[in-house]
Amino acid sequence: MKKRVLFIFGLILLVSFNSCNRGSSSTGDITIATDTATIARGAASFSQYCGGCHNFRQDGIGPELGGITTLTSPAWLLHFIKDPKKVIESGDERAKDLYATYKVTMPSFPSLNDSDITGIIAYLNTHRLPGHHKSKADSNALSNPIPDSIKLSNLVVGVELATQIPASSDSGRLPLARITKFDFEPQTGNSFILDLRGKLYRMENNKPVVYMDIAKLEPNFLGEYRLATGFGSFAFHPGFAKNGLLYTTHSEKPGSAKADFGYADSIPVAIQYVLTEWKTDSPTAATFSGKGRELFRVNMVTGIHGTQEITFNPLSKPGDKDYGLLYIGVGDGGSVEEGYPFIPHNKDHVWGTVLRIDPGGHNSANGKYGIPPGNPFANTPNTLGEIYAYGFRNPHRITWSKSGQMLVCNIGQANIESVNLIEPGHDYGWPLREGNFVLDPIGDMTKVFPLPGNDSINHFNYPVAEFDHDEGKAISGGLEYWGTAIPQLKGKFLFGDIPSGRLFYIDMADIKQGKQAIIKEWKISINGVNKTLKDLCGSDRVDLHFGRDAHGELYLLTKADGRVYKLMHAGPTGIAARGPVKR
């Protein structure tokens with residue numbers, strides 16, 4: 001396995017590559033502005049278009065950008081930001097080397113003019129090379145945390161195009177539709193698909209029909225940021241057919257309203273995430289009509305790792321203690337890599353947690369929802385009673401196994417992606433741990449270290465499955481197969497890598513606390529021909545997500561092209577998959 005390579009998605013990939021200007025495209029020098037108005041304008045643009053991937057302290061989704069204007073010319077930066085694909089195709093040596101190294105092209109920004117980009121460059125110029133805190137243990141850093149490679153299994157699953165979601169991008173730029181969640185309303189079995197840009201679609205005869213438009217319902221809706229901002233998630237109450245209750249999360253501009261969960265005024269707020277309860281006028285209506293009630297609002301340091309997951313336990317029935325209780329995954333908001341590691345991993349804070357609330361209760365601090373008495377910290381002083389488990393960077397998917405195991409897929413920083421078996425009240429380590437490894441949250445967070453010999457005193461819960469960044473960059477979780485059409489998938493938990501679209505599974509029988517399940521790779525075919533998801537969507541960045549319908553059958557969502565594929569049948573490698581199966 002090669003040494004870990006940082007996944008680069010956003011702005012200016014060159015920082016961690018080299019600092020020379022050999023072969024750079026240049027059309028003359030550009031003077032970097034130093035006036036406060038230009039810098040302020042650039043700061044606003046950076047926050048909107050770049051801050052989700054980049055900061056000036058730590059490598060995140062993209063590299064830190066401190067000192068970038070001393071490493072390359074402003075003319076090169078302008079042309080690369082404007083249209084990186086064009087610079088690569090022009091034969092520019094630096095751009096070609098970057099693409100060969102990282103195998104991905106950052107998105108272009110057609111809405112930014114030269115003045116906008118020079119403003120960004122002026123803002124970048126105010127940040128110098130960071131001086132990292134150096135840990136005494138740096139010499140023990142692991143260059144390859146997980147040496148073993150993920151093995152290819154003989155599983156090939158035939159897929160069929162289920163639907164095409166309408167493009168929601170402007171100017172046809174990728175991703176065409178920011179589809180991230182596929183779920184169903186439990187009593188009718190109707191399937192729904194979410195586009196982060198604001199729409200919730202109901203599937204009608206395999207065609208998407210707009211059911212709800214958050215952008216119209218919420219006047220402060222913020223859908224322009226990248227990554228996971230916008231229409232975050234949705235969950236139908238298990239009794240929706242009778243009570244008409246539906247829950248959503250979405251992002252808004254900072255200061256849109258007073259936050260229920262905030263931090264010191266000296267720390268920046270990039271966005272707010274809002275949890276809303278909606279009551280429809282008619283649960284059987286083809287499109288939503290009704291009123292919303294805000295349950296709570298959270299400030300976030302950056303536009304990443306927001307409130308991307310809400311869900312109900314699908315196994316709970318009326319009368320069960322868990323029935324009607326809403327689970328909420330709250331990320332750290334990018335706070336750690338921005339230099340605020342004290343914001344998460346604090347049982348008095350909401351960030352980096354999985355919450356469980358009773359939407360129908362009123363004993364919360366704001367009186368708008370309830371804290372279930374069975375929550376592990378419901379009666380603990382100086383602790384948020386809403387917390388069900390904590391110590392996550394980005395608990396972006398929450399699910400259950402048929403046997404009742406609760407699983408959370410956590411997106412890591414620079415090394416480890418993980419599947420976690422959840423126990424109420426337990427600590428999953430972030431930012432002191434990344435997977436089964438030590439992390440220094442005030443040092444160089446691109447490095448991880450072996451666990452100490454006395455680690456048991458910390459009482460961390462570690463992942464039941466994990467892979468490092470040689471294999472993928474951001475886990476796309478993950479569902480146990482509950483259907484009947486594909487017997488070969490019974491007893492498997494399927495997940496993958498968001499950017500590359502690689503597909504993985506573990507056996508449910510191997511999921512045990514304190515043990516590592518073996519991850520295997522699987523492949524897909526379409527019309528009998530083996531393909532990758534990159535092949536199907538024609539993009540280096542697939543943006544893979546998973547979905548499940550009321551029958552337990554699974555789906556693959558590719559954000560790049562807005563397509564949804566249904567898993568239809570399976571066979572071993574080397575045996576031609578049969579043609580499409582009729583529904």
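Conventions used here
- Residues numbered from 1 in each chain as written.
- Predicted model: local features only at pLDDT ≥ 70, side-chain atom pairs only at ≥ 80, totals over all residues.
- Heavy atoms only, no water.
- Helix = DSSP H or I, 4+ residues; strand = E, 2+ residues; numbered from the N terminus.
- Contact = heavy atoms within 4.5 Å.
- Core = buried A, V, L, I, M, F, W, Y, C linked by side-chain atoms within 4.5 Å.
- Buried < 20%, exposed > 50% of the residue type's maximum accessible area, 1.4 Å probe, protein only.
- Pairing = 2+ DSSP bridges.
- Phe/Tyr/Trp six-rings, centres within 6.5 Å; stacked < 30°, edge-to-face > 60°.
- Salt bridge = Lys/Arg side-chain N within 4 Å of Asp/Glu carboxyl O.
- Axes fitted to C-alpha atoms, helices over the stretch in contact; angles between N-to-C directions.
- Parallel < 35°, antiparallel > 145°, perpendicular 65-115°, else oblique.
- Left-handed = near helix turned anticlockwise from the far one by under 90°.
- Nonpolar A, V, L, I, M, F, W, Y, C, P; charged D, E, K, R; others polar.

Engineer: Mind showing me how you'd approach the overall build of the protein chain here?
Structural biologist: A tally of helices and strands in the protein chain yields 8 helices and 27 strands. Relative to all contacts within the protein chain whose residues are 6 or more apart in sequence, the contacts with residues 24 or more apart total 67%.

Engineer: Looking at this structure, how should I read the nonpolar core?
Structural biologist: In summary, soluble globular proteins display a tendency toward joint burial of nonpolar side chains. By size, the foremost hydrophobic cluster in this structure holds 31 residues, and its most contacted members are Phe 261, Leu 275, Phe 296, Leu 326, Ile 328, Val 350 and Trp 351. Where this core is concerned, the elements lending two or more residues are β7 (245-252), β8 (271-280), β9 (290-300), β10 (309-312), β11 (326-330), β12 (353-357) and β13 (387-390). Tallying contributions element by element places β9 first for this core, with 4 residues. Residues in contact with Ile 328, not counting those within four places in the same chain, are Leu 275, Phe 296, Thr 307, Glu 309, Ile 310, Thr 353, Val 354, Leu 355, Ile 357 and Ile 398.

Engineer: What is the right way to look at the pairing of strand β22 (residues 503-507) in this model?
Structural biologist: The element β22 is extensively covered by neighbouring structure, given that 4 of its 5 residues are classed as buried. With 5 bridges connecting them, strand β21 (residues 492-497) and β22 associate as antiparallel partners. Residue Phe 495 lies in a different strand from β22, and its bridge partner there is Phe 504.

Engineer: Would you mind going over the packing of aromatic side chains with me for this structure?
Structural biologist: To describe a pair of aromatic rings, one takes the distance between the centres and the angle between the planes. Taken as a whole, this structure holds 22 aromatic pairs when the rule is applied. Taken together, a centroid distance of 6.4 Å and an interplanar angle of 50° make the contact between Tyr 211 and Phe 236 tilted. Note that Tyr 211 is positioned in strand β5 (residues 207-213) and Phe 236 in strand β6 (residues 231-236), a separation of 25 residues in sequence. With a centroid separation of 6.3 Å and 65° between ring planes, the pair formed by Phe 460 and Tyr 462 is classed as edge-to-face. Neither residue differs from the other here; Phe 460 and Tyr 462 are each classed as buried.

Engineer: What's the story with the pattern of salt bridges in this structure? I'm lost.
Structural biologist: Per the stated rule, a full pass over the model turns up 17 salt bridges. We note a salt bridge from Arg 393 to Glu 337, for which the minimum N-O separation is 3.0 Å. Of the two residues, Arg 393 is situated in the loop between β13 and β14 (395-400) and Glu 337 in the loop between β11 and β12; the sequence distance between them amounts to 56 residues. Neither Arg 393 nor Glu 337 differs from the other in exposure class; each is buried.

Engineer: What should I look at first to understand the packing of helix α2 (residues 74-82) against helix α5 (residues 114-124) in this one?
Structural biologist: Helix packing geometry: the angle between the two helix axes and the distance between the axes. Between α2 and α5, the least distance of the axes is 10 Å, while the angle of their chain directions is 125°. The angle between α2 and α5 places the two elements in the oblique class. The two elements α2 and α5 meet at a crossing, and its hand is right-handed. Along its contact with α2, which presents Pro 74, Leu 77, Leu 78, Ile 81 and Lys 82, the element α5 presents Asp 114, Ile 117, Thr 118 and Ile 121. Among the residues making up the contact of α2 with α5, the classes are represented as 6 nonpolar, 1 polar and 2 charged.

Engineer: What's the story with the sheet that holds β11 in this structure? I'm lost.
Structural biologist: Adjacent strands of a sheet pair through backbone hydrogen bonds, lying either parallel or antiparallel. Strand order across the open sheet formed by 4 strands is β10-β11-β12-β13, with antiparallel pairing between neighbours. Lying at the two open borders of the sheet, with one neighbouring strand each, are β10 and β13. Strand-to-strand twist in this sheet, taken as the mean axis angle between neighbours without regard to direction, amounts to 20°. Of the strand pairs in this sheet, β12 and β13 are connected by 3 bridges, and their pairing is antiparallel. In the strand pairing of β13, Thr 353 is matched with Tyr 390.

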